[in-house]
Amino acid sequence: MGKLYVKQKQKDSINKIFLYILLIGISFTMIMPFLWMLSSSFKLDKDVFRYPIEWIPSNPHWENYALIWTRIPYLTFILNTFKLTIIITLLQLASSSFAAYAFAKLKFKGRDILFLAYVGTIAIPWQVYMVPQFIMMRGFGLVNTHMALIVLQAFSAFGVFMMRQFYMNVPNELLNAARIDGLNEYSIYSKIMLPLSTPAIATLTIFTYVFVWNDFMGPLIYLNSEKLKTIQLGLRMFIAEYSADYGLIMAASMISLIPVIILFISLQKFFIESVASTGIKG
Amino acid sequence: MTIKQKKELRSNLVGYSFLLPNFIGFLIFTFFPIIFSLLLGFTSWDGVNEIKFVGLNNFIHMAKDETFRISTFNTVYYTLGTVPLTLVCSLGLAVLLNSKIRGRNIFRTIFFFPYVASLVAVAVVWNMIFHPTMGPINSILSKIGIENLPGWTASTKWAMPTVILASIWKGMGYYMIIYLAALQGIPKYLYEVAELDGASKWKQFWHITRPMLTPATFFVSMMLTISCFKVFDLIFVMTNGGPGRATNVLVYHIYNQAFIHFKYGYSSAIALVLFAIVLIVTLIQFRMEKKWVSYM
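Source: prediction; values computed, not measured.

A.B. asks: Where do I start with the overall build of chain A in this structure?
C.D. replies: Within chain A, the secondary structure is distributed over 14 helices and 0 strands. On C-alpha atoms alone, chain A measures out to a radius of gyration of 25 Å, which is more than a quarter above the 19 Å that the 2.2 N^0.38 rule sets for 282 residues. Projected onto the principal axes, the alpha-carbon positions of chain A cover approximately 80 × 70 × 35 Å. A total of 282 residues make up chain A; the buried ones form 53% of that total. Contacts in chain A between residues far apart in sequence, at least 24 positions, make up 72% of those at least 6 positions apart. Entry remark: accessible area of chain A is about 13,400 Å², with carbon and sulfur atoms responsible for 69%. Of the charged side chains in chain A, 23 are positive and 14 negative, and the gap between their average positions amounts to 8 Å.

A.B. asks: What's the story with the pattern of salt bridges in this structure? I'm lost.
C.D. replies: It is possible for side chains of opposite charge to pair when their charged atoms get near one another. All names here are of chain A. A full pass over the atoms with the stated rule returns 4 salt bridges over all chains. Where D112 meets R111, a salt bridge forms, and the shortest distance between an N and an O atom there is 3.4 Å. On the basis of relative accessible area, D112 is assigned to the exposed category, the value being 56%. Measuring nitrogen to oxygen at the nearest pair gives 2.6 Å for the salt bridge that ties R179 to E185. Here R179 falls in the partly exposed class, since its relative accessible area comes to 29%. With a relative accessible area of 15%, E185 lands in the buried category.

A.B. asks: I tried to follow the interface of chain B and chain A on my own but got confused; where do I start?
C.D. replies: Think of interface size as the accessible area that goes away when the parts come together; that is how it is often given. Each partner contributes to the interface: chain B provides 85 residues, whereas chain A provides 88 residues. Where chain B abuts chain A, roughly 8,000 Å² becomes buried across the two surfaces, and 80% of that area is made up of carbon and sulfur atoms. Looking only at chain B, the three residues that lose the most surface to chain A are F18, F29 and M128 of chain B, adding up to 10% of its buried area. Looking at which element gives the most residues to the side of chain B that touches chain A, the answer is helix α1 (residues 3-40) of chain B, with 23 residues.

A.B. asks: Would you mind going over the packing of helix α3 (residues 66-97) of chain B against helix α7 (residues 159-184) of chain B with me for this structure?
C.D. replies: In a packed pair of helices, the relevant descriptors are the angle between the two axes and the axis-to-axis distance. All names here are of chain B. Remark: α3 packs on α7, axes separated minimally by 6 Å, with the N-to-C direction vectors making an angle of 40°. Relative to α7, α3 is oriented oblique. The handedness of the crossing between α3 and α7 is right-handed. Here the residues of the contact of α3 with α7 sort into 21 nonpolar, 6 polar and no charged.

A.B. asks: Would you explain empty space enclosed by the protein in this entry?
C.D. replies: Residues and elements named next belong to chain A. This structure, assessed with the given rule, holds 1 cavity of 30 Å³ or more. The calculated volume of the largest cavity comes to roughly 60 Å³. What lines the largest cavity is simply T81, L84, I88, L149, Q153, V212, W213, D215, P219 and T230. For the lining of the largest cavity, the elements supplying multiple residues, two or more each, are α4 (74-105), α7 (146-154) and α11 (198-214).

A.B. asks: Just to check I follow, could you spell out the nonpolar core for this structure?
C.D. replies: Nonpolar side chains tend to gather and get buried jointly when the protein is soluble and globular. Core analysis: the largest hydrophobic core is formed by 153 residues, its most contacted members being Y74 and F271 of chain A together with F111, F112 and F232 of chain B. Discounting residues that sit within four places of it in the chain, F271 of chain A has contacts with I206, F207, V210 and F264 of chain A together with F112 and V116 of chain B.

A.B. asks: Explain α7 of chain B to me, please; I cannot follow it from the model alone.
C.D. replies: Three- or four-residue spacings in an α-helix give side chains the same orientation, since the helix completes a turn every 3.6 residues. Along its 26 residues, α7 of chain B runs 38 Å from first to last C-alpha, staying within 8% of the 38 Å computed at 1.5 Å per residue. A bend of about 40° at G171 of chain B is the largest found in α7 of chain B.

A.B. asks: What am I meant to see in unusual backbone geometry here?
C.D. replies: Excluding glycine, residues mostly carry a negative phi; peptide bonds, for their part, are mostly trans. Positive phi, normally seen in glycine, also occurs at N144 of chain A, with a value near 65°. Mapped onto the fold, N144 of chain A is located in the loop between α6 (126-139) and α7. The exposure class of N144 of chain A is partly exposed, given its relative accessible area of 25%. One non-glycine residue, F262 of chain B, lies in the positive phi region at around 55°.

A.B. asks: I tried to follow the environment of L44 of chain A on my own but got confused; where do I start?
C.D. replies: Residue and element names in this part refer to chain A. Positionally, L44 belongs in the loop between α1 (2-40) and α2 (45-48). Given a relative accessible area of 31%, L44 falls into the partly exposed group. In contact with L44, other than residues within four places in its own chain, are H61 and E63.

A.B. asks: What is the right way to look at the layout of surface pockets in this model?
C.D. replies: Leftover empty space is mapped by rolling, across the atoms, a probe with the size of a water molecule. Taken as a whole, the second largest pocket encloses approximately 1,600 Å³ of empty space. Only α1 of chain A together with α3, α7, α8 (188-196) and α9 (201-212) of chain B provide two or more residues apiece to the lining of the second largest pocket. Element by element, the count of residues in the lining of the second largest pocket is highest for α1 of chain A, at 8 residues. Each residue belonging to the lining of the second largest pocket can be placed in one class, and the counts come to 12 nonpolar, 10 polar and 9 charged.

A.B. asks: Mind showing me how you'd approach the side chain of S118 of chain B here?
C.D. replies: Here S118 of chain B is to be found in the loop between α4 (104-116) and α5 (119-129). Judged by relative accessible area, S118 of chain B falls into the buried class, the value being 0%. Here Q232 of chain A takes part through its side chain, which lies 2.9 Å from a polar atom of the side chain of S118 of chain B.

Scoring rules and cut-offs
- Residues numbered from 1 in each chain as written.
- Chains lettered and ligands numbered in written order.
- Predicted model: local features only at pLDDT ≥ 70, side-chain atom pairs only at ≥ 80, totals over all residues.
- Heavy atoms only, no water.
- Helix = DSSP H or I, 4+ residues; strand = E, 2+ residues; numbered from the N terminus.
- Rg over C-alpha atoms; globule rule 2.2 N^0.38 Å.
- Buried < 20%, exposed > 50% of the residue type's maximum accessible area, 1.4 Å probe, protein only.
- Contact = heavy atoms within 4.5 Å.
- Areas by Shrake-Rupley, 256 points an atom, 1.4 Å probe, with all protein chains shown as cover.
- Lys, Arg positive; Asp, Glu negative; His and termini not counted.
- Charge placed at Lys NZ, Arg CZ, Asp CG, Glu CD.
- Salt bridge = Lys/Arg side-chain N within 4 Å of Asp/Glu carboxyl O.
- Buried area = accessible area lost by both parts, 1.4 Å probe.
- Axes fitted to C-alpha atoms, helices over the stretch in contact; angles between N-to-C directions.
- Parallel < 35°, antiparallel > 145°, perpendicular 65-115°, else oblique.
- Left-handed = near helix turned anticlockwise from the far one by under 90°.
- Nonpolar A, V, L, I, M, F, W, Y, C, P; charged D, E, K, R; others polar.
- 1 Å grid on protein atoms, 1.4 Å probe; cavity = no way out; pocket = protein on both sides within 12 Å on 5 of 7 lines; lining within 4 Å.
- Points joined across faces, edges and corners; volume = space filled by probe spheres on them.
- Core = buried A, V, L, I, M, F, W, Y, C linked by side-chain atoms within 4.5 Å.
- Expected span 1.5 Å × (residues − 1).
- Bend = angle between axes of the 7 residues up to and from the residue.
- Polar contact = N/O pair within 3.5 Å; in protein donor to acceptor, adjacent residues only side chain to side chain.

Below is the structure:
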């Protein structure tokens, strides 16, 4: 019995070692492109592709990080992206949580039909109606303005749906008690619902922030002038224009990732939990 | 007006007042464009001259449009290449990470990161890694003696598999998280009982884990399929639809027809076809759901 137990234990630890080797191997595949990006961003163009790869450049070229700002108006692109990200996230939080409260906790005529319309549009890919949307926006004179992206992305059916899912879990007794105490719906929303919904608000904030920061197709369609472009467009422009300056391209790419890396690392636990829960609830 | 009616009217108005800001935006910027796209698909319009109603002409034209045919094929190719492999990889990762190991959260974070990283940055680094003449992948391949080096995004044969590889790499962490959550929902006693009965790990996986995960698999495969049908950024940045038309997908074709050639009517018609395909595939998946998805 004792011998068998020891054998089993040995087998378990061999399995464990094998598992770790596998996981570390996969991790390497997942981060290798980013490490290569980081390492190349400190190299001269002629050394980027040198093989075998020199992971830590012996003679790091910091100037790559200084040069990119002079080659393209990168700071403008970054500021534009921050502006859009912040405005859209705030508007989406406000408009979604407000509407979600109505759908979750209030009774009014036509509520269920309206909600069905919201949910139905989530299932339709944006790419299906992006052309008519563009024509409409052109009619409003909003093409080549930041306003176009703001109004298109500030009202999201997905945001309403997600916030509603969360509000549905808040017990009605709590709200009824507040109603008996004489609070009107607006105070209930602001004094009870909003403070309770911090996790939902944080989730929507992360999703919206990452979406707007990384959005490519929206800005590609709507923004033409250089002074309006976002970081993703700027990066792509940079790649097209300096297609052989690999060191510079990698430095610019690294810069574009930094805000997302910071957000992700500081909120990763929360981020991952929210993906898991939205995934399960569908 | 009775008191009851008054009360009802009041509660209706309160409800509408909460909904209004979002609803106006939703109506103008989402709902109208969707209706508009249904009409636009039956017209011919360059954005300047008058809109002409052309009936089914756009759809007839599509049958003769070789690029449309190729891009439909490519979209299906991309989807069939991406969905099953992502499913398998993300499930595999989730099972590996579900065992008791140190540093689980670090692995989880690393696997998930490509999903939040910007696509443009990711695409450019992939293009460099798979550079046909100078990239490290081909350097390694030639070192180990492979002679006919794949041309990756520069070759019509390899371009799509390269894009598929990049998309699996980017997406699998996200779906892994959904699988992990589902795995944690499986009651432990099922495994304990199986263990007592002497079931091997593989048997436990096949007879407990796999069936218990079918709702998650259903959800993941739906989300993945829809996201594959609307692929654009990855293609636009990595290959520009090329070489030739080797990676030209439907959304890329819609984009080109509308924003490069200003054929708004025709591109809307293609968008309608895209929508029909997504709808049909989703309906089929829902139909099949009863056959293989088991809920507790």
